[in-house]
Amino acid sequence: MAIRKMLLAASIGCGIALAGLVVHTASAQSDRPNPSVQLPDYRNWTHLKSMVIFDESHHLYNAFGGMHHVYANDKALPASKTGGPYPDGSALVFVLYDIENAGGAYQATEKKLTALMLKDSKRFASTGGWAFQAWNRDGQALVTDGGRSCYACHRNGAGDSDLVFSRFVP
């Protein structure tokens, strides 16, 4: 199996934590994307927050430089306001776009990736109750290790908020 870029989550301080991902490589032939985890139609969900990583001094710039938007479904929204815990059925989508400086204003250009966290404490018990998946701009699944690498980062950086980095910003 060819080496694939995969994604892990990370956060930024000062209340601007955001569902994100860190590039990771995997080459085990037994690893495959989880076909039961599909990208939902999130465009009518609640927008939680946006963030722009624009400078290479940020530790996630190489992997996640660009404009980030995070969305929550109705099940996840109350917990996103309090920091968890999230009930089963909660879903969060993180979308990353390339950016350009257009006369002093950063604007989104081409989509780089879309990522999903889906809460099902029984089905995904080995990854903290969450399914993790990400797709590139062409819709190809990027997470092929069952979400283990994503879970490791979320556990280390967002363990006290049910593994979710982003909070609702009113």
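Here the structure is shown first, and the text comes after it.
Each value, and the rule that gives it
Residues numbered from 1 in each chain as written. Predicted model: local features only at pLDDT ≥ 70, side-chain atom pairs only at ≥ 80, totals over all residues. Heavy atoms only, no water. Phe/Tyr/Trp six-rings, centres within 6.5 Å; stacked < 30°, edge-to-face > 60°. Helix = DSSP H or I, 4+ residues; strand = E, 2+ residues; numbered from the N terminus. Buried < 20%, exposed > 50% of the residue type's maximum accessible area, 1.4 Å probe, protein only. Lys NZ or Arg CZ within 6 Å of the ring centre and 35° of its normal. Core = buried A, V, L, I, M, F, W, Y, C linked by side-chain atoms within 4.5 Å. Contact = heavy atoms within 4.5 Å. Pairing = 2+ DSSP bridges. Axes fitted to C-alpha atoms, helices over the stretch in contact; angles between N-to-C directions.

Draft legend 1. Main features of the packing of aromatic side chains. Taken as a whole, this structure holds four aromatic pairs when the rule is applied. Relative to Phe94, the ring of Phe64 has its centre 6.5 Å away and its plane inclined at 70°; by these criteria the two rings are edge-to-face. Pair noted here: Phe64 is in helix 1 (residues 61-64) and Phe94 is in strand 5 (residues 91-102), with a separation of 30 residues, a long-range link. For the pair Phe64 and Phe94, a shared accessibility class is recorded, and that class is buried. Its guanidinium or amino end placed over the ring of Phe168, Lys81 lies 5.0 Å from that ring's centre, counting from NZ or CZ.

Draft legend 2. How the structure looks around the nonpolar core. Counting 27 residues, the largest nonpolar core has Phe64, Tyr86, Leu92, Met117 and Trp130 as the members making the most contacts within it. Elements with a minimum of two residues in this core: strand 3 (46-53), helix 1, strand 4 (66-72), helix 2 (77-82), strand 5, strand 6 (105-119), strand 7 (130-136) and helix 3 (148-158). Apart from the residues lying within four places of it in its own chain, the contact partners of Leu92 are Trp45, Leu48, Tyr71, Ala72, Ala76, Tyr86, Ala115, Leu116, Met117, Trp130 and Val164. Core analysis: the next-biggest nonpolar cluster, separate from the first, contains 14 residues, Val37, Tyr42, Trp45 and Trp135 among them.

Draft legend 3. Here's a closer look at the environment of Pro40. Along the chain, Pro40 falls in the loop between strand 2 (24-26) and strand 3. Taking the relative accessible area as the measure of exposure, Pro40 reaches 27% and is therefore partly exposed. Each C-alpha atom, one on Pro40 and one on Leu116, is 8.6 Å from the other, the two residues being 76 residues apart in sequence. Among residues more than four places away in sequence, those in contact with Pro40 are Trp45, Val93 and Leu116.

Draft legend 4. Region of the structure containing the sheet that holds strand 7. Spatially, five strands are ordered 3-4-5-6-7 in an open sheet, and the strand pairing comes out antiparallel. The open sheet has two edge strands with one neighbour each: strand 3 and strand 7. In this sheet, adjacent strand axes meet at a mean angle of 25° when their direction is disregarded.

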